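# Structural overview for review
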Amino acid sequence: MVAVPDADTGEAVHAFVVPVAGRTPAHDALRELVARRLGAACVPARITEIAEPPLAPSGKPDKRLLTGGEPSA
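One structure accompanies this document, and this report is about it. The structure displayed is predicted, hence computed values, not measured ones.

Criteria and cut-off values
- Residues numbered from 1 in each chain as written.
- Predicted model: local features only at pLDDT ≥ 70, side-chain atom pairs only at ≥ 80, totals over all residues.
- Heavy atoms only, no water.
- Helix = DSSP H or I, 4+ residues; strand = E, 2+ residues; numbered from the N terminus.
- Pairing = 2+ DSSP bridges.
- Axes fitted to C-alpha atoms, helices over the stretch in contact; angles between N-to-C directions.
- Contact = heavy atoms within 4.5 Å.
- Right-handed = clockwise from strand over helix to strand, strands pointing away.
- Polar contact = N/O pair within 3.5 Å; in protein donor to acceptor, adjacent residues only side chain to side chain.
- Core = buried A, V, L, I, M, F, W, Y, C linked by side-chain atoms within 4.5 Å.
- Buried < 20%, exposed > 50% of the residue type's maximum accessible area, 1.4 Å probe, protein only.

## Structural notes on the environment of Asp28
Note that Asp28 resides in helix 1 (residues 27–38). Counting along the chain gives 19 residues from Asp28 to Ile47, while the straight-line C-alpha distance between them is 9.8 Å.

Below you can see the structure in the form of structure tokens.
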């Protein structure tokens, strides 16, 4: 999950999900799960399904590339 600009609130949570092969995640169920485990403030406003996360040189997901920015240094 990353914070992205939002016209209404300034920033909103955007979740990127790598689904299990052959399955489509239920976005409402994902939002409910996040609300139960992390609280309403962490519920993603947007959910995007991706094949695999882009990685930074450190091996961690590259949040800048996920949000359409330049790669992390």
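## With respect to the sheet that holds strand 3 (residues 46–49)
Read across the open sheet, the three strands follow the order 1-2-3; overall the sheet is mixed. Of all strands in the sheet, those bounded by a partner on one side alone are strand 1 (2–6) and strand 3. Going across the sheet, the axis of each strand differs from the next one's by a mean of 35°, ignoring polarity. Bridge count for strand 1 against strand 2 (residues 10–17) is five bridges, and the pairing is antiparallel. By the bridge assignment for strand 2, Asp6 is matched with Gly10. On top of the sheet, helix 1 reaches strand 2 and strand 3; it is set at about 120° to strand 3, its chief contact.

## Topic: the pairing of strand 3
Here strand 2 pairs with strand 3 via four bridges, running parallel. Each residue of the ladder has a partner; that of Ala15, found in strand 3, is Ile47. With helix 1 bridging strand 2 and its parallel neighbour strand 3, the resulting β-α-β unit is right-handed.

## What about the side chain of His14?
With respect to the helices, strands and loops of the structure, His14 is situated in strand 2. Engagement of the side chain of His14 in a polar contact is seen with the side chain of Thr48, the distance being 2.6 Å. In contact with His14, not counting residues within four places along its chain, are Met1, Val2, Val4, Arg46, Ile47 and Thr48.

## Some points on the nonpolar core
Membership of the largest hydrophobic core is limited to five residues, which are Val2, Val4, Phe16, Ile50 and Leu66. Those residues in contact with Ile50, other than ones at most four positions away along the chain, are Phe16, Val17, Val18, Pro19 and Leu66.

## Observations regarding the environment of Arg46
The residue Arg46 is located in strand 3 in this model. Along the backbone, Arg46 and Gly68 are 22 residues apart, and their C-alpha atoms lie at a distance of 15 Å. The residues touching Arg46, leaving out its near neighbours within four places in the chain, are Val13, His14, Ala15 and Arg31.

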